[in-house]
Amino acid sequence: MDFTFTPEQDSLREQARAFLAANPEPSWKDLAELGWTGVSIAEEDGGAGLGFVEEAVLHEELGRALYRGPFFSTIAVSLPALPDDLRAEVASGETSWTLAFGPLVPDLDTADRIAIVGGDGIYELEGAEREILSTTDETRPMGVVRGGEPGRRLADSSVLEEIRNRTLAALAVEACGVAKRALELAIEHASTREQFGKLIGVYQAVSHPLADAYTRLELARSLSLWAAWCVAQGTEDAGERAPVAAAAAKASAAEAAVQVCETAIQVHGGIGFTWEHVLQRLYKRALWIESYAASSSTLRAEVAASLLDVTPTAIGINPLPVSLTQGG
Amino acid sequence: MDLRDTADEAAFRGELRSWIEENLPEELQGHRGGAARFEGEKMRTWSRALHQAGYAGLTWPKKYGGSGASYTHQAIFLEEMARAEAPPHVGVIGLGMAGPTIMAHGTEKQKARYLEPILSAEEIWCQGFSEPGAGSDLAGVRTSARQENGHFVVDGQKVWSSFAHLASFCILLTRSDPASTRHAGLTYLIVDMKAPGVEVRPLTQITGEAEFNEIFFDGAKVPTENLLGEIGRGWQVAMTTLLHERGTLGFALQAALEVQVRKLAALARDRGADSLQRDRIAREWIEAQALRFTNYRALSKLVKTGMPGPEGSISKLVWSEANQRVTKLALELLGPDAALAEENAPYGGYWQHQQLRSRGNTIEAGTSEVLRNIVAERVLGLPKSR
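Keep in mind that this is a model prediction, so the values were computed, not measured.

**Here we look at the overall build of chain A**
Secondary structure assignment for chain A yields 10 helices and 9 strands. A globule of 328 residues ought to have a C-alpha radius of gyration of about 20 Å, and chain A, at 21 Å, matches this closely. If you line up chain A on its principal axes, its C-alpha atoms span 65 × 60 × 40 Å. Put simply, chain A has 328 residues, and 53% of those count as buried. Residue pairs at least 24 apart in sequence account for 67% of intrachain contacts in chain A once pairs closer than 6 positions are excluded.

Structural data, given as structure tokens:
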């Protein structure tokens, strides 16, 4: 058992953090030149041939940086539906994608092409009109598509489970990136701001909610990395746990990110409530993650069904036998 | 990153699992007999069996009779024992606290005298740290140790001492310099529990059982050779003990929580749960998984770098609060039957007992308030509150 990142994965994170600090608004081409758009695409299709754990490192760092662009929609969501030739175009930075799964389509303002889930598979949607809607989180715009025709058939419906798992796991690690930055800002503030003649971090009414925020974040991050690892196993045995791991991770991480941001806003006092402070943008991304794909309570209902109902469910948790009659 | 057992780990886990299955007497499984189960000869036999199979003092060096196993094997051992609902070796305080402290600070003579009987369950140990006036604030210790003609004379009172009524020896934190305050002037002693002037009184707790004791010292004589470490440097020795108390404990706690959540799910299947209760059950299952993988992250860091990761410091805090929620939720599922007790209650009163016992979880081995201070100051680096 080894639950640490490899030195290569660590340096990918360092590279990502440094690059995004220097270039807060990178273009799709920039990301392709860094090799990020092809991170989990096979080498023969022009990618780096790495796995979902490396991809997750990037989702986490992009979340932390509040990146605006089609990376999530293309890489986390659409990739499993794309045939090899189209993957190669993603790796080279030629095209980006989004997937119309429900009525609200993420990254519709920046994604080049649109895939749509039809009755028996996933198709490219051609000639559709796009309307970008105003969203609370301005860094993750959504829109609706009207009209258009199904074009090339991209994949059959069997890829939907992989899309679901990747989407939930990516959102979970992204939420961890958002929460980590909010927590760091709050710790910094509590360590420098003085009131009543003392640094406010000495007051347990301030420090204990921060300890709790850290706790929620670390628990969520453990689940998110577990989910990322399970997704990376693909069809291997350990990949069987991906559906439940991804559901648990997204439910936990989205809630944790919202809670950590709320604690951070409270610890900052008035300045945390202002438009100019980055916290409001982190908070809005956390709220977006909570609302997208499936809410935490919806995901917990799936976990509960799998734990409690006799009928086997999609995300199977094997209940090991236990004795109910071991009284004292 | 590979979350599967390595071949070596899988082999160890497999052997251990079948060993427990073959050797654990049914009457010791689970919580039968409550706290009193530690007193019988069966527990000594079970503990000796663990020792003979090499599972006692797993991480102790071979030269002290241990198995010299890795932290990972220790973690697997604790997981599997909790999963099988097997009771621990009766020498938990000796194995986890007194033994490692003697190894770190003891003389060769002390090591030769005390370590082996801990492993073989011949001698049980207890801990004398907390006092009525020194709980979370351990540096407030007042039990005195006065030097006199080649021995210490000990007077005072200790409290919350598990196993004191069964113990041969006590690791005792005393104040040897009456003029000293706080962390200075403390001395760490090994005390023979059968010596004159040492009296143990059981402390009946909220569940009606007596897991803990008070120990009264009234002019008890302790030979100078029973000094552990140096006179006046007892605080440093005590820190070694507490470090071990909080070491790999997280794995045992998480696995126990996993069993508890599984029982909760079985209870819900048996008696039904509404949709709000189902949401809370799912939440607790997720929490138990989160705790498991958080422990794994901390352990991996410990194995790779020799330093435990900061993630590990939240383990006991998270477990204690989760166990309180899980047991209370179980009572909610029992409905009006929750008011019944013992043999009149469903499942022999298991949940009623567990729920009451869980209130101690956020107090024992570091209160949640102290643990939050530790996270805030040592992990997050916030300014110190005191």
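**Notes on the overall build of chain B**
Assigned secondary structure in chain B consists of 11 helices and 8 strands. By the compact-globule yardstick of 21 Å for 386 residues, chain B fits well, its C-alpha radius of gyration being 21 Å. With the principal axes as the frame, chain B shows a C-alpha extent of 70 × 50 × 50 Å. When each of the 386 residues of chain B is scored for burial, the buried share is 44%. Long-range pairs, those at least 24 residues apart, make up 69% of the contacts in chain B between residues at least 6 apart in sequence.

**Overview of the domain arrangement of chain B**
All names here are of chain B. Domain assignment breaks chain B into domain 1 (7-90), domain 2 (125-234) and domain 3 (246-379). For domain 1 and domain 3, the distance between their C-alpha centres works out to 21 Å. With 11 residues of domain 1 at the interface, the matching set in domain 3 holds 10 residues.

**Examining helix α6 (residues 160-192) of chain A**
Helical periodicity: at 3.6 residues per turn, an α-helix aligns residues three or four positions apart in one direction. Compared with the 48 Å implied by 1.5 Å per residue over 33 residues, the 48 Å span of α6(A) between its first and last C-alpha is a close match. With 26 of 33 residues buried, α6(A) lies mostly within the body of the structure.

**Re the interface of chain A and chain B**
Listed per partner, the contact involves 46 residues of chain A and 58 residues of chain B. Elements with a minimum of two residues in the side of chain A that touches chain B: α6, α7 (204-232), α8 (242-268) and α10 (296-308) of chain A. Here the side of chain A that touches chain B gets 14 residues from one element, more than from any other, and that element is α7(A).

**Regarding the pairing of strand β6 (residues 142-146) of chain A**
Residue and element names in this part refer to chain A. Relative to β6, strand β2 (residues 105-106) runs antiparallel, the two sharing 2 bridges. Note that in β6 the partner of V105 across the bridge is G143. For strand β5 (residues 129-133) and β6, the ladder comprises 5 bridges, and the chain directions are antiparallel. By the bridge assignment for β6, E131 is matched with V144.

**Considerations on the sheet that holds β2(A)**
A sheet is described by the order of its strands in space; here 3 strands give the open sequence β2-β6-β5 (chain A), paired in antiparallel fashion. The sheet is open, and its two edges are formed by β2 and β5 of chain A, each paired on a single side.

**Quick word on the nonpolar core**
Residue and element names in this part refer to chain A. Of all hydrophobic cores here, the largest spans 208 residues; its most connected members are A175, A179, L210, A257 and C261. When residues in this core are grouped by element, the largest group, 18 residues, is from α8. When neighbours within four sequence positions are excluded, A179 is seen to be in contact with L217, A256, A257, V260, C261 and A286.

**Quick look at the sheet that holds strand β4 (residues 121-126) of chain A**
Residues and elements named next belong to chain A. Taking strand neighbours across the sheet as the criterion, the 4 strands line up as β1-β3-β4-β7 in an open arrangement whose pairing is mixed. One side of each edge strand has no neighbouring strand; the edge strands of this open sheet are β1 (97-100) and β7 (149-156). Put simply, the sheet's adjacent strands are angled 30° from each other on average, direction ignored. In the sheet, β1 pairs with strand β3 (residues 113-117) via 4 bridges, with the strands oriented parallel.

**Concerning the environment of A238(A)**
Checked against the element boundaries, A238(A) lands in the loop between α7 and α8. Remark: the alpha-carbon pair of A238(A) and H277(A), spanning 39 residues in sequence, is separated by 42 Å. Leave out the neighbours within four places in its chain, and A238(A) touches C230(A), Q233(A), L3(B) and R4(B).

**Quick look at the packing of helix α9 (residues 315-334) of chain B against helix α10 (residues 350-358) of chain B**
All names here are of chain B. Axis separation between α9 and α10 bottoms out at 9 Å; the angle between their running directions is 145°. Between α9 and α10 lies a crossing whose hand is left-handed. The residues of α10 that touch α9, namely those facing N323, Q324, T327, K328, A330, L331 and L334, are W351, Q354, Q355 and S358. Partitioning the contact of α9 with α10 into residue classes produces 4 nonpolar, 6 polar and 1 charged.

**Quick look at the environment of F72(A)**
Residue and element names in this part refer to chain A. Counting through the fold element by element, F72 comes out in helix α4 (residues 71-78). A residue is classified by how many C-beta atoms lie within 10 Å of it, and F72, with 23 of them, is buried. The sequence separation of F72 and Y292 amounts to 220 residues, and the corresponding C-alpha distance is 12 Å. Other than its neighbours up to four places away in sequence, F72 contacts H59, V77, P106, D107 and A170.

**Details of unusual backbone geometry**
Phi is positive for L66(A), close to 50°, though the residue is something other than glycine. Mapped onto the elements, L66(A) comes out in the loop between α3 (52-64) and α4. A positive phi is found at R182(B), a non-glycine position, where the angle reads about 55°. Its location among the elements puts R182(B) in the loop between β4 (169-175) and β5 (186-192). Overall, the presence of 11 C-beta atoms within 10 Å leaves R182(B) in the exposed class.

**What to know about α4(A)**
Along α4(A), 8 of the 8 residues are buried, which leaves the element largely enclosed by surrounding structure. Looking only at α4(A), the buried set comprises F71(A), F72(A), S73(A), T74(A), I75(A), A76(A), V77(A) and S78(A).

**Let's talk about the packing of helix α3 (residues 71-83) of chain B against helix α7 (residues 249-271) of chain B**
Residues and elements named next belong to chain B. Put simply, α3 and α7 touch, their axes get as near as 8 Å, and they point 30° apart. Here α3 is positioned roughly parallel relative to α7, judged by the angle of their axes. Crossing handedness for the pair α3 and α7: right-handed. Residues A75, L78, E79, A82 and R83 of α3 pack against F251, A252, A255, A256 and V259 of α7.

The rules behind the values
Residues numbered from 1 in each chain as written. Chains lettered and ligands numbered in written order. Predicted model: local features only at pLDDT ≥ 70, side-chain atom pairs only at ≥ 80, totals over all residues. Helix = DSSP H or I, 4+ residues; strand = E, 2+ residues; numbered from the N terminus. Rg over C-alpha atoms; globule rule 2.2 N^0.38 Å. Buried ≥ 20, exposed ≤ 12 C-beta atoms within 10 Å, placed from the backbone. Contact = placed C-beta atoms within 7 Å. Domains from an automatic or database assignment. Expected span 1.5 Å × (residues − 1). Pairing = 2+ DSSP bridges. Core = buried A, V, L, I, M, F, W, Y, C linked by C-beta atoms within 7 Å. Axes fitted to C-alpha atoms, helices over the stretch in contact; angles between N-to-C directions. Left-handed = near helix turned anticlockwise from the far one by under 90°. Nonpolar A, V, L, I, M, F, W, Y, C, P; charged D, E, K, R; others polar. Parallel < 35°, antiparallel > 145°, perpendicular 65-115°, else oblique.

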